[in-house]
Amino acid sequence: MNFTETNYCLLGKLAPPLTFGAGNEVKWITLGEIALVTKLAGFEFTNYVKYSEQGKIIALRGLNVKSGHLVLDDVKYIDNSDFSKLSRSKLHIGDMLFTYVGTVGQVALIDEDDKYYLAPNVSLIRLQTDAVLPKFMMYFFRTSLFWNQQINKLLQQSSMQNIPMEKIRKFSIPVPSLATQKQIIEILDRFDTLVNDISQGIPAEIEARKKQYEFYRDKLLSFKKAV
């Protein structure tokens, strides 16, 4: 892809030396060891959830989770539901959503308390450790490394486009130092803002930035397992 001079200037300010991931060895850990992984049970949805077109409390469905962001232009409200029976599916700041049916593998973070609940086909991943930052985990889940080595392998083994909870709990993620995680997040946040700010350029330029962003994301998060 050909980058314009403007693209080089804008991206050059964000593009770091590839010294964080780039094959560095770190400890890897199984997701189920450090996080709660769950979903809205079928009986909970049938018996306790009531959809409506207006309200304040939103049930997040698969279509509301895309490319690391919540997409809220088509939502279902559940203000009239029995919340006393839905405590397990209530979402909190820092929770990560992962779509496990249909369009598998889309992720997003919850950024507000007392507003969101799980809907069907979306799982909750809630970290139960201070060793991993939610946004670092989310960025890793979007890498080619994670998709090629973990998600795609699971999907190839099944005729159904879905990943059971027990398989999600077996996902393996790298755990570099918190300082490294924070640096990676800061870099990728800047790329993400640039890619999603359509006022910064024409569509071709946005696409060029997106490709550059994906390249650096994959490089920054390509850790080897420490022996």
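Residues numbered from 1 in each chain as written. Predicted model: local features only at pLDDT ≥ 70, side-chain atom pairs only at ≥ 80, totals over all residues. Heavy atoms only, no water.

1. So, the sheet that holds strand β11 (residues 172-175)
- Here we have 3 strands laid out as an open sheet, ordered β11-β1-β12, and mixed in their pairing. The two strands at the open ends of the sheet, each matched to only one other strand, are β11 and β12 (224-225).
- The pairing of strand β1 (residues 25-30) with β11 spans 4 bridges and is antiparallel. Residue pairing in the sheet places Trp28 in a bridge with Pro174 of β11. (Pairing = 2+ DSSP bridges. Helix = DSSP H or I, 4+ residues; strand = E, 2+ residues; numbered from the N terminus.)

2. Section: unusual backbone geometry
- Even without a glycine there, the phi angle at Ser67 is positive, about 55 degrees.
- Note that Ser67 resides in the loop between β4 (65-66) and β5 (69-70).
- Residues other than glycine seldom take positive phi values, yet Asp114 does so here, at roughly 60 degrees.
- The topology assignment puts Asp114 in the loop between β8 (107-109) and β9 (116-118).

3. Some details on the side chain of Ser123
- For Ser123, the location among the structural elements is in strand β10 (residues 122-127).
- In this structure Ser123 comes out as buried when scored by relative accessible area, which is 0%.
- Here Ser123 is in contact with Thr38, Met96, Leu97, Phe98, Tyr100, Leu118, Met165 and Ile168, once residues within four sequence places are set aside. (Buried < 20%, exposed > 50% of the residue type's maximum accessible area, 1.4 Å probe, protein only. Contact = heavy atoms within 4.5 Å.)

4. A few points about the sheet that holds β10
- With antiparallel pairing, 4 strands are arranged side by side in an open sheet as β2-β10-β7-β8. One side of each edge strand has no neighbouring strand; the edge strands of this open sheet are β2 (35-39) and β8. Going from strand to strand, the sheet's axes swing by 25 degrees on average, the running direction of each strand aside.
- Pairing analysis gives 3 bridges linking strand β7 (residues 96-99) to β8, with the strands arranged antiparallel. Note on β8: the bridge partner recorded for Met96 is Leu109. (Axes fitted to C-alpha atoms, helices over the stretch in contact; angles between N-to-C directions.)

5. Describing the pairing of β1
- Relative to β12, β1 runs parallel, the two being bridged by 2 bridges. Note on β12: the bridge partner recorded for Val26 is Lys225.

6. Considering helix α5 (residues 144-156)
- For α5, the principal kink sits at Gln150 and spans about 25 degrees.
- Residues of α5 that are buried: Phe146, Gln150, Ile151, Leu154 and Leu155. (Bend = angle between axes of the 7 residues up to and from the residue.)

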